[in-house]
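The primary structure of each chain is shown beneath.
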Amino acid sequence: MIVAIDGPAGAGKSTVARALAERLGFRYLDTGAMYRALTWLAMREGTDLGNETALATIARSEPVTFDANDRVWIAGTDVTASIRKTDIDRMVPVVARHPAVREVMRERQRQLGREGDVVIEGRDIGTVVAPEAEVKVYLVADRDERAKRRMADRPGIGADALATDLKFRDESDAERMQPAEDAIEIDTTHLQVDDVVDRIEALVHERTAV
Ligand code: DC
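Residues numbered from 1 in each chain as written. Predicted model: local features only at pLDDT ≥ 70, side-chain atom pairs only at ≥ 80, totals over all residues. Heavy atoms only, no water.

Draft legend 1. Expanded view of the sheet that holds strand β1 (residues 2-6). Spatially, 5 strands are ordered β2-β6-β1-β7-β8 in an open sheet, and the strand pairing comes out parallel. For this open sheet the edge positions go to β2 (27-30) and β8 (184-187), each flanked by a neighbour on one side alone. Each strand of the sheet is rotated relative to its neighbour by a mean of 20 degrees, with strand direction disregarded. Of the pairings in the sheet, the one linking β1 to strand β7 (residues 135-140) comprises 4 bridges and is parallel in character. Paired with Ile5 across the two strands is Val137, which belongs to β7. Packed onto the sheet, helix α2 (residues 31-45) meets β2 and β6 (118-122) and runs at close to 45 degrees relative to β2. Along the sheet, helix α5 (residues 99-113) makes contact with β1, β2 and β6, crossing β2 at roughly 175 degrees. (Pairing = 2+ DSSP bridges. Helix = DSSP H or I, 4+ residues; strand = E, 2+ residues; numbered from the N terminus. Axes fitted to C-alpha atoms, helices over the stretch in contact; angles between N-to-C directions. Contact = heavy atoms within 4.5 Å.)

Draft legend 2. Region of the structure containing the sheet that holds strand β4 (residues 72-74). An order of β3-β4-β5 is seen for the 3 strands of this open sheet, with the pairing classed as antiparallel. Among the strands making up the open sheet, the edge pair consists of β3 (65-66) and β5 (77-78). Sheet topology places β3 next to β4; 2 bridges connect them, and they run antiparallel. Paired with Thr65 across the bridge in β4 is Trp73. Seen against the sheet, α2 touches β3, β4 and β5 and runs at an angle of roughly 40 degrees to β4.

Draft legend 3. Highlighting the environment of Arg123. Structurally, Arg123 is set in the loop between β6 and α6 (125-129). Distance from Arg123 to Ile2, taken between C-alpha atoms, is 15 Å for residues 121 residues apart in sequence. Among residues more than four places away in sequence, those in contact with Arg123 are Asp6, Gly7, Pro8, Ala9, Lys13, Arg169, Asp173, Arg176 and Met177.

Draft legend 4. Spotlight on the site of the ligand. Close contacts around the ligand come from 16 residues, with Arg36, Arg102, Arg123, Asp124 and Arg176 the closest. One of the side-chain nitrogen or oxygen atoms of Arg36 is found 2.7 Å away from an oxygen atom of the ligand. Here an oxygen atom of the ligand sits 3.0 Å away from a polar atom, N or O, in the side chain of Arg169. Alone, the ligand offers 450 Å² of accessible surface; in the complex the protein occludes 98% of this. Elements supplying a minimum of two residues to the shell around the ligand: α2, α4 (86-96) and α8 (159-173). (Near = heavy atom within 4 Å. Polar contact = N/O pair within 3.5 Å; in protein donor to acceptor, adjacent residues only side chain to side chain. Areas by Shrake-Rupley, 256 points an atom, 1.4 Å probe, with all protein chains shown as cover.)

In structure tokens:
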């Protein structure tokens, strides 16, 4: 079974998807981490982030992998911590915007998603990567709440800069952020993580019962 969890930055996708996967004994696939890792490598190599062909070539030749502890690897380096820094937050939408990059990433995401039960988190999972997913959820939250959550994750950055970054990311991610028609929308603004996980788990059990 595939559970697709999409939604904007800060809506709670990672926390919820991880907890859900653990509860259900499913694998967890973080597709945002794949775009982040590619951005990290391209920046390290000094690649022009506007060069779609060069980026797609790197994406193809240096596939992102996840180890048994969900650590993220690219080009022989563990980038789990490096990809959560502010410079990556800012540049990843520039990389993720290129259709040729997305094509390589989506192909790989489909391969990784094919092996057994999995919770996949991203922006375009229910619409493009896995339209066949049995359960599709679209998480949303007020922008103020999302900014607050990001503050907790990025202690080094001020509230104003964070709000500006989030707005920029929302705008550049917007074209990929349409919920699937059959996705269930959950507003997490006033919910605890466990409540959101409970709701999605119930959807999974409903599907399993059918
Ligand atoms: O969810 P995140 O913040 O880790 O995502 C990082 C970036 O990657 C974000 O700008 C949107 C992009 N992304 C995407 O375009 N498609 C996905 N399936 C996942 C992430």
